[in-house]
Amino acid sequence: MCQRALGSRSLRILSVQKEFYEILINSSVDGILAFDRDCRYILWNPAMERISGMKAEDVLGRCAFKLFPFLRETGEDKFFHEALEGTSSITHKRPYTVAQIGREGFYEGHYSPLYDTVGEIVGGFAIVRDVTEQTRAEDALRASEKLYRDLVENSLGLISTHDMKGELLSVNPAAARMLGYRPEEMVGRDFADFIAPAMRSRVPLYLAQLKHERAGQGLMRVVTRAGEERIWMYRNMRYDEEGRASYVIGHAQDITERVRAEEALRSARDELELSVTDRTAELREANRVLQEQILERERVEEALRESEARFRSLFENATIGLYRTTPDGRILLANPTLIRMLGYKTFEEISRRNLETEGFEPDYLREQFRASLERADLIIGLESSWTKRDGTIISVRESARTIRDASGHVLYYEGTVEDITARKQAEEALHRLADRLTTAQEDEHRRISRTLHDEAGQALTALSVRLHRLEKRFLEQNGDDGHVRNELAELRQIAQSTQEGLRNMAHTLHPSALEHFGLTEAVRGFLHDVGENSEVELEMEVARGFPRCAPTTESAIYRIIQEAVTNALRHAEAKRIRVIFKCDNGEAIITIEDDGRGFDTQSTAAMSGIGLVSMRERAEMIGGQLLISSVKGRGTTVTLRFPTSSERRQ
């Protein structure tokens, strides 16, 4: 009778497990498929139907390569065969084509062998994720970056970048050509190597000035490869980007010929005065010299006219909007790209608009723009929304600078405008998709957690009660049988242990404290539960006024903290772990510190683990940034920074 009871219990457990696995497969947000040794599909979950557009009844039992010819065309078939040989494979950004419905895109897949109960390979299975939108957005971003790189590379202006120690990071062809070098010969060298020897002692002062002031301008003497000294008028700007060392972008213009012409003119004037005063006979010679200087000046002016013509061509044919406006809001110049971008046909139409009274950006007063620009003389990458002539809203990225006369009076503003509507829409779509995925994942965790707690937990409780009654009834009817009593006690212990395991699993999938009490209390409860089963010292600090966030944001943050603490407990051999919550200027900062053994953050294998990758993805989904610093033998610090408000950047 005991054997029949054990057999019946095993069948019920197998049935519950089968139903549980079916629920997981059918509710997965990723596609899951399986195939036999002839590569015929034997599993096609609902997510695969959504990704491919093909119903399970149209796929199951059919050969993968006949149904989807692209698998052989792209070489994807080899991953099927590797799985059948016992090898797991991961693919990235693979193209797919569903000819039956005309669908195309990209996906990532994880192929693995499928074993039967005795360990024989009977087929394979794959987990598939559609990354079409992500791939297309990345391609668009690369195309945009190439456009700006080409603009710098082909610019006639002299452009370079260097770090705060003076090492050249980039040099455009025009600047390198002017000095007689190729760009790759200059990159990596100290820019002081190209300064005239008499001026090199001023380089440390220039670098020190840039550490305290963002911009610097003036004249410098450079020396060419041939040893010729030339005069450049420069304007440099320091850029401080989060997560990257400060660097300087320099713009320069070669004014050697102009300076020489001016010096020659001054010399000619002085010589003329001496000639008139001292020797009338030398007047004709002075006049001859003056005529030569005039001819030289005319040559310089002709070169300037040619330079202006080149600038005009660049202005007219630029693929981004270019403008020039007066401080009082009059539009002096607007290139064709900007005119079309704002829905006008001619410059005359757009020039009638006064930006002080009817600007293109309703939510950002021009007086704020004017104050910011005149305070710093430069605005880079200001993103905002503009209203076109027909009322359509577009997203733009604007950079501008002030042009002043010798006395410092502002003459006009000039700048560039790029239409980034498509990029913004793609970013918003990605954020909405990420929010929906996170919400769906957390909803599924919540549902599974409740199912485990309410259904499986109650069933195990009932099982324990009935085992106790069975033991009591058996003893009453058959007397004390130590062997049977021990067997029944062991079965009750198994049921109680399984119930405890399900309760812990349900709490891990969805901590109820997160939903009812918020992020900090949920984390506090998590640390308390972890600390009961560990000898590690766990601490938590929360700054006064730390804000509540949206449910999806708090869920993502909780998972990041959970992963970081779990990693420290499992791998770092830490004795102390601290979780710190604080705020700084509209930004929340959460730090997880441990005193464990640390790891090499330069190691690709260490930094590409699934846990760290998922932490970074969750941080990006909430618009935040995840920083990881670690030193072997001195512990690891994980820092999460994310905005707590939607204040506009200016």
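In case you missed it, the structure is sitting above this.
Computed from a prediction, not measured in an experiment: that's the story for all the values here.

Asker: Looking at this structure, how should I read the overall build of the protein?
Answerer: Helix and strand counts for the protein stand at 21 helices and 20 strands. For the protein, with 650 residues in total, the buried portion stands at 37%. Intrachain contacts of the protein at a sequence separation of at least 6 include 52% that bridge at least 24 residues. Here the protein displays about 38,700 Å² of accessible surface, and carbon together with sulfur accounts for 51% of that area.

Asker: Sorry, what's going on with helix 14 (residues 366–376) here?
Answerer: An α-helical turn contains 3.6 residues, so any two residues separated by three or four positions project in the same direction. Among all positions of helix 14, only Arg366, Phe369, Ser372 and Leu373 are buried. Looking down the long axis of helix 14, one finds its buried residues gathered within 130° of arc, a one-sided arrangement. On the buried face of helix 14, the contacting elements are strand 11 (321–325), strand 13 (378–387), strand 14 (393–404) and strand 15 (410–419).

Asker: Sorry if this is basic, but what is going on with the sheet that holds strand 10 (residues 247–254) here?
Answerer: By way of backbone hydrogen bonds, the strands of a sheet pair with one another, either parallel or antiparallel. Here we have 5 strands laid out as an open sheet, ordered 7-6-10-9-8, and antiparallel in their pairing. At either end of the open sheet lies a strand with only one pairing partner, and these are strand 7 (168–171) and strand 8 (215–223). The sheet shows a mean angle of 25° between the axes of neighbouring strands, direction not considered. On top of the sheet, helix 9 (residues 203–212) reaches strand 6 (158–163), strand 8, strand 9 (229–239) and strand 10; it is set at about 25° to strand 9, its chief contact.

Asker: Looking at this model, I keep getting lost on the state of the cysteines. Mind explaining?
Answerer: What we call a disulfide is simply a covalent bond connecting the sulfur atoms of a pair of cysteines. Counted under the stated rule, the structure contains 0 disulfides. Of all cysteine sulfurs in the structure, the one in Cys39 sits closest to Cys63, which takes part in no disulfide; the separation is 6.1 Å. With no disulfide partner, Cys583 has as its closest neighbouring cysteine sulfur the one in Cys549, 8.3 Å distant.

Asker: How do you make sense of the pattern of salt bridges when you look at a structure like this?
Answerer: Two side chains with opposite charge may pair up if their charged atoms get near one another. Under the criterion given, the structure shown has 35 salt bridges. Note that Arg389 and Glu349 form a salt bridge whose closest N and O atoms lie 3.2 Å from each other. Remark: Glu349 occurs in helix 13 (residues 347–351) and Arg389 occurs in the loop between strand 13 and strand 14; sequence separation between them is 40 residues. Under the relative-accessibility criterion, Arg389 is labelled partly exposed at 47%. One salt bridge in this structure joins Glu539 and Arg578, with 3.6 Å as the shortest N-O distance.

Asker: Just to check I follow, could you spell out the packing of aromatic side chains for this structure?
Answerer: To describe a pair of aromatic rings, you give the distance between the ring centres and the angle between the ring planes. Applying the stated criterion across every chain yields a total of 15 aromatic pairs. With centroids separated by 5.0 Å and ring planes inclined at 70°, the aromatic side chains of Tyr41 and Trp44 adopt a geometry described as edge-to-face. An angle of 80° between the planes, with centres 5.6 Å apart, marks the rings of Phe191 and Tyr206 as edge-to-face. With Phe191 in the loop between helix 8 (183–186) and helix 9 and Tyr206 in helix 9, this pair connects stretches of sequence that are 15 residues apart. Its relative accessible area of 12% is what places Phe191 among the buried residues. An aromatic cluster is defined as three or more aromatic residues linked by ring pairs; in this entry it consists of Phe35, Phe65, Phe79, Phe80 and Tyr111.

Asker: I keep staring at the sheet that holds strand 19 (residues 625–631) and nothing clicks. Help me out?
Answerer: In spatial order, the strands read 16-17-18-20-19; together these 5 strands make up an open sheet with mixed pairing. In this open sheet, the two strands that pair with only one neighbour each are strand 16 (537–542) and strand 19. Across the sheet, the axes of successive neighbouring strands diverge by a mean angle of 10°, strand direction being ignored. Bridge count between strand 17 (residues 576–584) and strand 18 (residues 587–594): 8 bridges; the pairing is antiparallel. Its bridge partner being in strand 18, Asp584 is matched across the sheet by Glu587. Along the sheet, helix 18 (residues 519–532) makes contact with strand 16 and strand 17, crossing strand 16 at roughly 170°.

Asker: Before we go on, may I ask you to explain the pairing of strand 20 (residues 635–643) in this structure?
Answerer: On a regular strand, one side chain projects to one face of the sheet and the next to the other, so that they alternate. Two strands pair when backbone bridges link them, and strand 18 and strand 20 are joined in this way by 8 bridges, in the antiparallel orientation. Looking at strand 20, one finds that Glu593 is bridged to Thr637. In terms of strand pairing, strand 19 meets strand 20 through 7 bridges, oriented antiparallel. Paired with Leu626 across the strands is Leu640, a residue of strand 20. What sits between the antiparallel neighbours strand 19 and strand 20 is a turn of 3 residues, in which Gly633 has the positive phi angle 85°.

Asker: I'm lost on the packing of helix 18 against helix 19 (residues 551–571) in this one. Help?
Answerer: Pairs of packed helices are described in terms of their axes, by the angle between the two and the distance that separates them. The N-to-C vectors of helix 18 and helix 19 enclose an angle of 20°; their axes lie 10 Å apart at closest approach. Taken as axis vectors, helix 18 and helix 19 run roughly parallel relative to one another. Considering how the two elements wind past one another, helix 18 and helix 19 form a crossing that is right-handed. Where helix 18 abuts helix 19, its residues Leu519, Ala522, Val523, Phe526, Leu527 and Val530 lie against Glu554, Ile557, Tyr558, Ile561, Gln562, Val565, Thr566 and Leu569. Residue composition of the contact of helix 18 with helix 19, grouped by class: 11 nonpolar, 2 polar and 1 charged.

Cut-offs used in this document
Note that residues are indexed from 1 along each chain, following the sequence as it is written. For a predicted model such as this one, the threshold for reporting local features is a pLDDT of at least 70, and the threshold for listing and counting side-chain atom pairs is 80 or more; totals across whole chains, interfaces and linings nevertheless cover every residue. Note that water and hydrogens are dropped before the side-chain values are worked out from all heavy atoms of the structure. Secondary structure is summarised from DSSP: a helix means a run of H or I of at least four residues, a strand means a run of E of at least two, and numbering begins at the N terminus for each. Whether a residue is buried, partly exposed or exposed follows from its accessible area with a 1.4 Å probe, protein chains only, as a fraction of its type maximum: under 20%, in between, or over 50%, in that order. Contacts are residue-level and defined by heavy atoms, with any inter-residue pair within 4.5 Å sufficient. What sets the accessible areas is the Shrake-Rupley method with a 1.4 Å probe; for residues, cover comes only from the shown protein chains. Each direction from the helix axis to a C-beta atom contributes to the arc, which is the arc of those directions. Two strands are counted as paired when DSSP detects at least two bridges linking them. Note on definitions: angles span 0 to 180 degrees between N-to-C directions of axes, and those axes are lines fitted to C-alpha atoms, for helices only across the stretch in contact. In plain terms, two cysteine sulfur atoms within 2.5 Å form what is called a disulfide here. Here a salt bridge means any side-chain nitrogen of Lys or Arg lying within 4 Å of a carboxyl oxygen belonging to Asp or Glu. Working definition: rings of Phe, Tyr and Trp (its six-membered ring) pair if their centres are within 6.5 Å, and the pair is stacked with planes under 30 degrees apart, edge-to-face with planes over 60 apart, and tilted otherwise. To sort the angles, those under 35 degrees are grouped as roughly parallel, those over 145 as roughly antiparallel, those from 65 to 115 as roughly perpendicular, and the leftovers as oblique. Crossing handedness is defined as follows: a turn of the near helix away from the far one that is anticlockwise and smaller than a right angle gives a left-handed crossing, while the clockwise case is right-handed. Each residue is assigned to one of three groups, with Ala, Val, Leu, Ile, Met, Phe, Trp, Tyr, Cys and Pro labelled nonpolar, Asp, Glu, Lys and Arg labelled charged, and all others, Gly among them, labelled polar.

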